[in-house]
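Residue-level listing of the chains:
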Amino acid sequence: MRILHFNPFDDKTSVGQSISTYISMLQDNVGNDVDMEIVTSLKDLKKSIYNHSPELLHLYGAWNWKNGMASLLATKKNIRYVYTPYGQLDPWVIHQHYIKHKLPRIILYQKKIVQRAYAVIASGNIEKEKLQELNWNTHLEVLFNPCITSSITHEEFYKKLKTIYQKVLN
């Protein structure tokens, strides 16, 4: 399984650091049957798609236009992708600065990212409920983040994530 992870956020932001920690945890638990690569720029994403032909792309976070471009590129290259909004589609996040910031991004790219994803991985039940309410994608999974909760071990997390990947690839 060749998985390409795309984190479009700068590590200087709390979201970027959190996603980097999350992906590093994945790297520590990946098995020999998975070839995992991580990129943080669109230029590197294009290069990796061309050089390594990933079977699956995993996008992280919301409200970032780079994810919109990455989803378009994946669609154009017939690469399936999964999307983890990383808690950024929780109801209270969506409603913050809704008219000025969120609504334009929903119209331009955010809704399309969710719609095109083969699976959307919510970080909790509240985010999943909001995604169900929005009805942008019916392929929803909940996977708690072991970096922020003790309700799941790193090993259990990775096993469940690998199952999601396998479902998407099948």
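Residues numbered from 1 in each chain as written. Predicted model: local features only at pLDDT ≥ 70, side-chain atom pairs only at ≥ 80, totals over all residues. Heavy atoms only, no water.

What follows deals with the packing of helix 3 (residues 65-76) against helix 5 (residues 98-116). Any two packed helices are characterised by the angle at which their axes cross and by the distance between the axes. Contact geometry for helix 3 and helix 5: axes closest at 9 Å, N-to-C directions at 40°. As far as their axial angle goes, helix 5 and helix 3 are oblique. Here helix 3 runs over helix 5; the crossing is left-handed. Contacts between helix 3 and helix 5 involve Trp65, Asn67, Gly68, Ser71, Leu72 and Thr75 on the former and, on the latter, Tyr109, Ile113 and Arg116. (Axes fitted to C-alpha atoms, helices over the stretch in contact; angles between N-to-C directions. Helix = DSSP H or I, 4+ residues; strand = E, 2+ residues; numbered from the N terminus. Parallel < 35°, antiparallel > 145°, perpendicular 65-115°, else oblique. Left-handed = near helix turned anticlockwise from the far one by under 90°. Contact = heavy atoms within 4.5 Å.)

Of the positions making up helix 6 (residues 125-134), those classed as buried are Glu127, Lys130 and Leu131. Summarising the axial view, the buried residues of helix 6 lie within an arc of 100°, below the 170-degree limit, and thus occupy one face. Those residues of helix 6 that are exposed and aimed more than 90 degrees away from the buried face are Glu129 and Glu133. Phi turns positive one or two residues past the end of helix 6, at asparagine 135, with a value near 60°. (Buried < 20%, exposed > 50% of the residue type's maximum accessible area, 1.4 Å probe, protein only. Arc of directions from axis to C-beta.)

Our next topic: the sheet that holds strand 2 (residues 35-39). Read across the sheet, 6 strands follow the order 2-1-3-4-5-6 without closing on themselves; strand pairing throughout is parallel. Bordering the open sheet on either side are strand 2 and strand 6 (140-142), each of which pairs with just one other strand. Mean inter-strand twist for the sheet, computed between neighbouring axes without regard to direction, equals 20°. The pairing of strand 4 (residues 80-84) with strand 5 (residues 119-122) spans 2 bridges and is parallel. Residue pairing across strands places tyrosine 83 opposite valine 120, the latter belonging to strand 5. Each of strand 1 (2-6), strand 2, strand 3 (56-60) and strand 4 touches helix 1 (residues 14-29); the most contacted strand, strand 2, lies at about 165° to it. Taken strand by strand, helix 7 (residues 154-169) contacts strand 1, strand 3, strand 4, strand 5 and strand 6, and its axis lies near 125° from that of strand 3. (Pairing = 2+ DSSP bridges.)

This part covers the packing of aromatic side chains. Following the criterion strictly, the structure yields 3 aromatic pairs and no others. Between tyrosine 22 and tyrosine 86, the aromatic rings sit 5.3 Å apart at their centres with planes inclined by 85°, giving edge-to-face as the arrangement. Of the two residues, tyrosine 22 sits in helix 1 while tyrosine 86 sits in the loop between strand 4 and helix 4 (91-95), which places them 64 residues apart along the sequence. Look at tyrosine 22 and you get buried, because its relative accessible area is 2%. Ring centres of tyrosine 22 and phenylalanine 157 lie 5.4 Å apart, and the angle between their planes is 75°; on these two criteria the pair is classed as edge-to-face. Linking tyrosine 22 in helix 1 with phenylalanine 157 in helix 7, this pair joins segments that are 135 residues apart in sequence. There is no split in this pair, since tyrosine 22 and phenylalanine 157 are both buried. Ring-pair connections join several aromatic residues into one group, and the members of that group are Tyr22, Tyr60, Tyr86 and Phe157. Directly above the ring of tryptophan 63 sits lysine 102, whose terminal nitrogen or CZ lies 5.4 Å from the centroid. (Phe/Tyr/Trp six-rings, centres within 6.5 Å; stacked < 30°, edge-to-face > 60°. Lys NZ or Arg CZ within 6 Å of the ring centre and 35° of its normal.)

Relative to the elements of secondary structure, glutamate 155 occurs in helix 7. Taking relative accessible area as the criterion, glutamate 155 reaches 54% and is therefore assigned exposed. Sequence separation between glutamate 155 and asparagine 29 is 126 residues, and the spatial gap between their C-alpha atoms is 6.7 Å.

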